[in-house]
Amino acid sequence: MGVFSIAHQHKLLLVWTRRLNKPASVSGVGSQFASHHGSAALLCPEDSSINPAVKRQRRVLNTSSVQHKRVASDGWQKDERSVQSKTWKNEIPVMGRPYQRKGDDSRVSSELRRLSLDDFPEEKERMVGQRSTLDSKAENYEVVFGIAPCLLALTQGRRQARKLFVKDGEASHRASVIQVCEEAHGRGVQVQRVSKKDLDKMSWGRVHQGVCLQASPLGYLTEDRDSAPNRGDAPLWLVLERIQDPMNLGAILRSAYFLGVDRVLSSLRHSCPLSPVVSKASSGIMEVIGVYGYENLEDMLRLKAAQGWQVVGTVGAEAEETMIPVTQCSDFQMTKPTVLLMGGEGEGLSQQLLSLCQTLLTIPAGRELFPGIESLNVSVATGILLHSLLSSRRSTR
């Protein structure tokens with residue numbers, strides 16, 4: 001009787017197990033799961049004291065967990081990937097999703113984007129795979145904006161132009177925009193119409209006048225790439241040290257070109273690059289005039305002084321007394337090749353360059369000045385000094 005009871009219970013248990021696992025089975029995998037759970041139930045006699053309803057819940061949960069872990073067919077693999085994908089999206093914080101903020105589609109800074117991708121290497125690999133075909137060429141280009149910079153960048157040929165973006169609408173029918181488009185078309189540059197919002201993003205919110213040009217960047221020239229033309233009269237070179245504001249650099253280049261400076265040179269360290277902002281501030285003159293970059297201005301100035309050039313520096317009207325003679329710019333006569341030195345915003349010329357000057361020029365004020373405003377903006381001062389020196393050169397011909 002006891003044997004019959006045990007055998008009967010065993011049979012009922014197997015039937016009950018198959019019934020519980022029948023809804024969870026898929027194709028030919030269900031029998032494997034049913035036998036697995038039946039064996040597990042027989043190997044766990046301590047579960048006999050547990051409520052049958054609890055057993056039923058545990059068996060269903062165990063079946064579900066094994067179904068997600070075991071990859072038996074393509075259907076299971078797709079299901080597992082979809083679950084992982086949903087989980088991954090929920091785990092990424094808003095800041096960690098590159099190019100997107102919550103409630104805002106504006107881009108985050110490059111440093112913040114890099115840090116967020118470092119925190120999620122899987123996301124980084126996915127983004128690199130998606131962008132490899134899109135940005136592989138664009139990474140070597142920058143965006144020039146504005147009518148004059150784009151037109152001169154095309155006509156001068158110092159850049160490799162890739163694509164011209166034009167604002168869609170009535171603005172594209174202006175004569176100046178049509179001229180830029182015709183120039184691009186004649187040189188085989190693709191022209192694409194985009195929205196104002198897209199142009200604003202390309203130009204970092206600056207004034208683009210309805211056109212942006214994707215082109216290769218411009219850099220500083222070196223001494224052996226281009227030589228200054230020989231002039232009959234005394235040449236004037238303009239040397240810039242540590243000019244950091246691109247708006248100032250652009251304005252200086254525009255004045256230097258307009259007034260007739262023969263060459264512009266700049267220190268490479270602690271100076272702003274020749275960026276599209278500089279080109280726009282110069283009204284495109286940066287696309288025309290070459291700027292020579294030097295790691296060491298002192299060696300170049302010593303060489304010019306040895307060749308008979310006059311090295312002229314600049315100081316404020318209330319500068320401290322020095323051993324170097326100080327002359328008002330209106331009293332200076334340029335009679336031989338001259339190098340004019342202009343220092344950066346705030347600090348002016350360094351002591352190393354001041355020690356190489358033979359004369360220091362100053363701009364006299366037209367009135368008594370309040371404390372703290374005794375000096376001019378560097379781009380304004382440069383324009384005044386260049387005009388004064390070049391006028392004196394013409395008067396001595």
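Because the structure is a prediction, the values reported are computed rather than measured.

### Looking at unusual backbone geometry
When glycine is set aside, most residues are seen to have a negative phi, and most peptide bonds are trans.
At step 1: The backbone of Trp-204 sits at a positive phi, close to 55°, despite the residue not being glycine.
At step 2: Considering the arrangement of structural elements, one finds Trp-204 in the loop between α9 (196-202) and β4 (211-215).
At step 3: With relative accessibility at 54%, the residue Trp-204 sits in the exposed group.
At step 4: Phi is positive for Arg-242, which is not a glycine, with a value near 60°.
At step 5: Positionally, Arg-242 belongs in the loop between β5 (236-240) and α10 (246-259).
At step 6: For Arg-242, a relative accessible area of 24% gives the class partly exposed.

### Quick notes on the confidence of the model for the protein chain
At step 1: Across the protein chain, pLDDT averages 75, with 61% of residues at or above 70.
At step 2: Every residue in residues 22-50 scores below 50 in pLDDT, and together they form 27 contacts with partners more than four places removed in sequence or on other chains.

### Focus on helix α12 (residues 297-306)
At step 1: Within α12 the residues assigned to the buried category are Leu-297, Met-300, Leu-301 and Lys-304. Each buried residue of α12 sits inside an arc of 100° when the element is viewed along its axis, so together they form one side.
At step 2: Where the residues of α12 are buried, they touch β5, β6 (263-267), β7 (291-294), β8 (310-314), β10 (338-342) and α13 (351-354).
At step 3: The backbone nitrogen of Glu-298 lies 3.0 Å from a side-chain oxygen of the residue at the head of α12, namely Asn-296.
At step 4: Downstream of α12 by one or two residues, Gly-308 has phi in the positive range, about 100°.

### Side note on the pattern of salt bridges
At step 1: On inspection of all chains with the given rule, the structure shows eight salt bridges.
At step 2: The residue Glu-347 makes a salt bridge to Arg-242 at a minimum N-O spacing of 3.8 Å. Taken together, the positions of Glu-347 in the loop between β10 and α13 and Arg-242 in the loop between β5 and α10 put the pair 105 residues apart, joining distant regions of the chain.
At step 3: Residue classification places Glu-347 among the exposed residues on the basis of a relative accessible area of 66%.

### A few points about helix α7 (residues 147-156)
Note that an α-helix has 3.6 residues per turn; residues three or four places apart therefore point the same way.
At step 1: Counting buried positions along α7 gives seven out of 10 residues, so the element sits mostly inside the fold.
At step 2: In this structure, the buried side of α7 is in contact with β1 (142-145), β2 (161-167), α8 (175-186), β4 and α11 (276-281).
At step 3: The first or second residue beyond α7 is Gly-157, which carries a positive phi of 70°.

### Section: the packing of aromatic side chains
At step 1: Applying the stated criterion across every chain yields a total of two aromatic pairs.
At step 2: Judged by centre distance (6.0 Å) and plane angle (75°), the ring pair of Phe-145 and Trp-204 falls under edge-to-face. Separated by 59 residues along the polypeptide, Phe-145 in strand β1 and Trp-204 in the loop between α9 and β4 bring together distant segments of the chain.
At step 3: Positioned over the ring face of Trp-309 is Lys-304, at 4.8 Å from the centre of the ring.

### A short note on the environment of Ser-279
At step 1: With respect to the secondary-structure elements, Ser-279 resides in helix α11.
At step 2: With residues up to four places along the chain from it excluded, the contact list for Ser-279 reads Val-144, Pro-149, Gly-284, Met-286 and Glu-287.

Rules and cut-offs
Within each chain, residues carry numbers counting from 1 in the order of the written sequence. Predicted model: local features are reported for residues with pLDDT of at least 70 only, side-chain atom pairs are reported and counted for 80 or more only, and whole-chain, interface and lining totals are derived from all residues. Computation of side-chain values: all heavy atoms of the structure, hydrogens and water removed. Only DSSP runs of H or I covering at least 4 residues are called helices, and only runs of E covering at least 2 are called strands; the numbering of each starts at the N terminus. Each residue gets one of three labels from its accessible area relative to the maximum for its type: buried under 20%, exposed over 50%, partly exposed in between, using a 1.4 Å probe on protein chains only. A residue's pLDDT is simply how confident the predictor is in it, with values from 0 to 100. In what follows, residue pairs with any heavy atoms lying within 4.5 Å of each other are defined as contacts. This arc describes the spread of directions from the helix axis toward the C-beta atoms. Polar contacts, as counted here, are pairs of nitrogen or oxygen atoms within 3.5 Å of one another; within protein the pair requires one atom able to donate a hydrogen and one able to accept it, and residues that are adjacent in sequence qualify only if both atoms are side-chain atoms. In the sections that follow, a salt bridge refers to a side-chain nitrogen of Lys or Arg positioned within 4 Å of a carboxyl oxygen of Asp or Glu. Paired rings are identified among Phe, Tyr and Trp, the last through its six-membered ring, by centres lying within 6.5 Å, and are further divided according to the angle between planes into stacked (under 30 degrees), edge-to-face (over 60) and tilted (the rest). As a reminder, the over-ring test applies to NZ of lysine and CZ of arginine, requiring each to be within 6 Å of the ring centre and within 35 degrees of the ring normal.

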